[in-house]
Amino acid sequence: MADRIEQIVAGLPDRESVTDVWKVADRRIARGDAAFLADLGIALTGAQGSDAGRIWQYRSVFDYLLRLLTTTPGSGNVTQALRLVSSAGGADGKLGRYAASLLASSHPAEELAVAFTGNATEELRACLVHELVLRGVDVVGTPGVAGWATSRHWRHHPLGWLPLTLSEVEGRPDLPSYCARGVSYSMPYGPPANRPVTAGAGAHVPAARETTTPVIAQRIGTAVANWAEESNGRIEARFFDLESPLGTESVPSVLLALGLECLKGAGRKTAFSAVACPPDHAWQMLFAAASTGGAYNSGVRGAYGRLAAWRSLAALSGAAEGGQAEEAEASVRECTWYGFDAETTWFERVAWDVGLAAVTSERRRLAVLAATDTD
């Protein structure tokens, strides 16, 4: 077996296609030899040191091995997947988040309990807990998972801020569907198709004073930050105080009057719409943006996507930074939410466009988040 693995690794850089190696992995796992896949993946990570990550053949085969191990049913495959991720040396970053999402998508929680007693980092465990929560799993009632999930030792972790059950705002999240050869997911961007807001004739447009700070802008844009950092995206995140309460019929006019870059030129010859929406629509958009990414990246996966969506929603709602999750949810539910869209040159209008506005409960504060990305 060792000689065969060495031959595969040595010959990979000269291959124009790696599908034959994929087929070897398919045959091995069909025979129950998951250890071969883990051994091959571990050998790939050690090949040529740091150069291995720059050789596309190595990256392609490693990713296929990981997806095959994590999406094929069976506790033995889970054990070997964990061994591979741990040995790859990247379990504390993107690889751990990716592996947790893959595992939770394809295995019952009982099979994943080994991650909480065996060969897995705290980071992967934290991600796995919330990947399971997103899929409706009762982690508090699952033997092997509950002990770690409910312990206090990991509450300092960023994901420890999140509740261990889904809220009404989160509902039933749309999650990726994985297989060995790829992934599919929904893209819920743009405003919902109902409840349009019509600007009332002579509607009062209260004066607005911008109160955006760099910290507030960063908090509001948390869920879409990866679009700008890892793809071609741009973001506009702003906060305003209003001199008088804002009526629903005035929302379209106020949005157009704020001087937003994303709406420059909208409302005259350029189409513009604003739609009232429930907070769960806003959460779904932000969760998708954070967890699955934009045009040229894969996002931060489910667990951190959940956290990022809540951080953006909390900031939009005016919730104080550092508060409890329950306080953030209450603040979000007290706001009135709107989705907006415009055929301006700012929005790329390819597939990744977000336009959200939140009016706080006293209707004297308005927050806006717009984001767009393109391939």
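Structure first, text after, so check above.
Here the residue index of a chain counts from 1 through its sequence in written order. At least 70 in pLDDT is required for a residue's local features to be given in this predicted model, at least 80 for side-chain atom pairs to be given and counted, and no such filter applies to totals for whole chains, interfaces and linings, which use all residues. The side-chain figures draw on all heavy atoms in the structure; neither hydrogens nor water molecules are used.

K.L.:
Help me get a handle on the pattern of salt bridges, residues and values and all.
P.N.:
Should a side-chain nitrogen of Lys or Arg be within 4 Å of a carboxyl oxygen of Asp or Glu, the pair is scored as a salt bridge. Taken as a whole and judged by the stated rule, the model has 16 salt bridges. Between arginine 333 and glutamate 168 there is a salt bridge, and its shortest N-O distance comes to 3.4 Å. Taken as a pair, arginine 333 in helix H15 (residues 325-334) and glutamate 168 in the loop between helix H9 (146-149) and strand E1 (177-179) lie far apart in primary sequence, 165 residues in all. Exposure classes here rest on a 1.4 Å probe applied to the protein chains alone. A residue is buried below 20% of its type maximum, exposed above 50%, and partly exposed in between. Taking the relative accessible area as the measure of exposure, arginine 333 reaches 44% and is therefore partly exposed. For glutamate 168, a relative accessible area of 62% gives the class exposed. Note that glutamate 348 is salt-bridged to arginine 234, the shortest N-O span being 3.3 Å. Taken as a pair, glutamate 348 in the loop between strand E6 (336-342) and strand E7 (352-359) and arginine 234 in strand E4 (residues 234-242) lie far apart in primary sequence, 114 residues in all. Members of the salt-bridge network, linked through shared partners, are Arg209, Asp241 and Arg365. Every helix listed is a DSSP run of H or I at least four residues long, and every strand listed is a run of E at least two residues long, numbered separately from the N terminus.

K.L.:
Explain the packing of helix H8 (residues 122-134) against helix H14 (residues 301-317) residue by residue, including any values.
P.N.:
Orientation is described by axes fitted as lines to C-alpha atoms, over the contacting stretch for helices, and by angles from 0 to 180 degrees between their N-to-C directions. One way to put it is that H8 packs onto H14 with a least axis distance of 7 Å and a crossing angle of 75°. On the basis of their axis angle, the class for H8 and H14 is roughly perpendicular. For the pair formed by H8 and H14, the contact residues are Glu123, Cys127, His130, Glu131, Val133 and Leu134 on the first element and Arg301, Gly302, Ala303, Tyr304 and Arg306 on the second. Residue composition of the contact of H8 with H14, grouped by class: five nonpolar, two polar and four charged. In this scheme, roughly parallel covers angles under 35 degrees and roughly antiparallel covers those over 145, while 65 to 115 is roughly perpendicular and the rest are oblique. Any two residues having at least one pair of non-hydrogen atoms within 4.5 Å are treated as being in contact. Classification used: nonpolar for Ala, Val, Leu, Ile, Met, Phe, Trp, Tyr, Cys and Pro, charged for Asp, Glu, Lys and Arg, polar for all others including Gly.

K.L.:
Please set out the pairing of E6 residue by residue, giving values where relevant.
P.N.:
Buried residues dominate E6, accounting for five of its seven residues. Note that strand E5 (residues 272-277) and E6 share six bridges and pair antiparallel. Counted as the bridge partner of cysteine 277 is tryptophan 337 from E6. Between any two strands, pairing holds if DSSP finds at least two bridges. The pairing of E6 with E7 spans four bridges and is classified as antiparallel. Its bridge partner being in E7, threonine 336 is matched across the sheet by valine 359.

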